[in-house]
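Understanding the architecture of this molecule
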Amino acid sequence: MPAQNPGDIRSDSESSMAPFLFVEGNLGIPQKVLHKVYLHAVSVFKSARSCVPTRPTIMVQRNHDLDASLIRILADSSSILLLANPSHQTALNARKHLVRMHLIDPHAELCFTSSLLSSQQCAKHAELWYHRRWLLSAAYDANLSAIAGVDSFGPIRFASGEALRQELQLVSRACELYPRNYFAWTHRLICMRSLLSDYLTGIDIVGFIPIFRNEIAGIKQWIDHHVSDYSAVHTILGLSQAVFQSGDSSLMGIIIEENLLDHAISLVQGYPSHEALWMYTRTALSISDSQQAQQIQMFIDHFVQPFVQLQCSKTGVEEDLVKVSQYARQLLNRRGDYKISQGQFKQGFNIISQ
């Protein structure tokens, strides 16, 4: 048979699945079709949900009496509701109940949420990220109880380094789909803090130190290419501050090696109009050490102070420069927030700020 060209293959594939698209493992659903199905799914979901017990004591007693087809209807209709409205809390709670009743495998539900979160429409919804954290806790808890509270979950753990890597890749993709994705970055920070807590208590399931090193370096690289992403800045600083508060010398050494202050200063000097980078610099000052006093002094004198003085005589100055001068003044005015780790640099910075 003569070989078909790629255009012919794509045309045949599209026509066989119309009105849906399935290209390279990605499913495309027309909005009009989804909206019509959603209206039908609402009534189906409501009917199925009324037949499934939600109180823990009743769930234990009646689990064996539930009709498998009814469970499938509830699962399918709730998935449609979430595809159209990822913040549908009732649908999310219904799926949590099914997980608690061992009628939906938590790992399968994680795959489902991964598919949702790979969509731009879904990637920005806080409720969906919370649902995923609940699943991460449930998926690796062998003692998951049917009477456990639906709104509570234990520590987040990953079965392997590969599982963690996939989770971080999911977050990165969601942040590319929806810029400055606060909820995705918060999810990432919570996962890393949970692993940090395990590491500090002697649980080192996936080898935390190399993971932590890669995480700090990776977020720095992300900020290099997304200089306005204040959520990424918040994540790297939140993680670094948690390490300094823990007092773990190995992790603190990694933070010092990565030299966040150098990174922040170089970026803010290159892109001074981005407020996120000034925030980065302000907080990076708080995890500096006394050996960087001279560097900070030069930064204040030769970069920050000229912008502060510009604000005092801003008549005729471009609007962008006025904003930058405001950011510079905020950096100096927030000197009371700079509590340097180990207290070694506090006095020196107070002198700089006068």
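What you see is a predicted model, and the numbers here were worked out from it, not measured in a lab. (Residues numbered from 1 in each chain as written. Predicted model: local features only at pLDDT ≥ 70, side-chain atom pairs only at ≥ 80, totals over all residues. Heavy atoms only, no water.)

1. What to know about the overall build of the chain
Rules: Runs of E in the DSSP output that reach at least two residues are strands. Runs of H or I that reach at least four are helices, and both are numbered from the N terminus. Any residue under 20% of the maximum accessible area for its type is buried, any over 50% is exposed, and the rest in between are partly exposed; the area is computed with a 1.4 Å probe on protein chains only. Contact between two residues is taken to exist if any of their heavy atoms lie within 4.5 Å; hydrogens are not considered.
When helices and strands are counted, the chain shows 17 helices and two strands. Here the chain, with 354 residues, has 42% of them falling under the buried criterion. Taking contacts inside the chain between residues at least 6 apart in sequence as the whole, the part at least 24 apart equals 66%.

2. Re the pattern of salt bridges
Pairs may arise between side chains of opposite charge once their charged atoms sit close together. Defined as follows: Criterion for a salt bridge: a side-chain nitrogen of Lys or Arg within 4 Å of a carboxyl oxygen of Asp or Glu.
One pass over the full model with this rule turns up seven salt bridges. As a salt-bridge pair, D76 and R72 come within 3.2 Å of each other at their nearest N and O atoms. Taken together, the residues D76 and R72, both in helix α4 (residues 68–84) and four residues apart, mark about one turn of the helix. E215 is the salt-bridge partner of R188, the closest N and O atoms lying 2.6 Å from each other. Here R188 is found in helix α9 (residues 182–200), whereas its partner E215 is found in helix α10 (residues 208–225), with 27 residues between them in sequence. Relative accessible area serves as the criterion here: at 9%, R188 is assigned to the buried category.

3. Overview of the packing of aromatic side chains
As a reminder, the rule being used: Pairing of aromatic side chains here covers Phe, Tyr and the six-membered ring of Trp, requires ring centres within 6.5 Å, and sorts the geometry by plane angle: under 30 degrees stacked, over 60 edge-to-face, intermediate tilted. Criterion for a charge above a ring: Lys NZ or Arg CZ within 6 Å of the ring centre, and within 35 degrees of the ring normal.
This model, assessed by the stated rule, comprises seven aromatic pairs. Relative to F303, the ring of F299 has its centre 5.6 Å away and its plane inclined at 20°; by these criteria the two rings are stacked. Taken together, the residues F299 and F303, both in helix α15 (residues 293–312) and four residues apart, mark about one turn of the helix. Exposure remark for F299: the relative accessible area of 3% places this residue in the buried category. Taken together through their ring pairs, the aromatic side chains of W278, F299, F303 and F307 make up a single cluster. Above the plane of the ring of W134 lies K96, whose end atom (NZ or CZ) is 6.0 Å from the centre.

4. A closer look at the packing of α10 against helix α12 (residues 249–258)
Quick reminder of the rule: Lines fitted to C-alpha atoms define the axes here, with helix axes fitted over just the stretch in contact, and angles between the N-to-C directions of these axes take values from 0 to 180 degrees. Should an angle fall under 35 degrees it is taken as roughly parallel, and over 145 as roughly antiparallel, whereas 65 to 115 is taken as roughly perpendicular and any remaining angle as oblique. Handedness of a helix crossing follows the sense of rotation of the near helix relative to the far helix, less than a right angle counterclockwise being left-handed and clockwise being right-handed. Residues are sorted three ways: Asp, Glu, Lys and Arg are charged, Ala, Val, Leu, Ile, Met, Phe, Trp, Tyr, Cys and Pro are nonpolar, and all the rest, Gly among them, are polar.
Where α10 meets α12, the closest approach of the two axes is 10 Å, and the angle between their N-to-C directions is 25°. As the angle between them shows, α10 and α12 are arranged roughly parallel. Handedness of the α10/α12 crossing: right-handed. In this structure, α10 contributes F208, I209, F212, R213, I216, A217 and K220 to the contact, and α12 contributes S250, L251, I254, I255, E257 and E258. When the residues that make up the contact of α10 with α12 are grouped by side-chain class, the tally is eight nonpolar, one polar and four charged.

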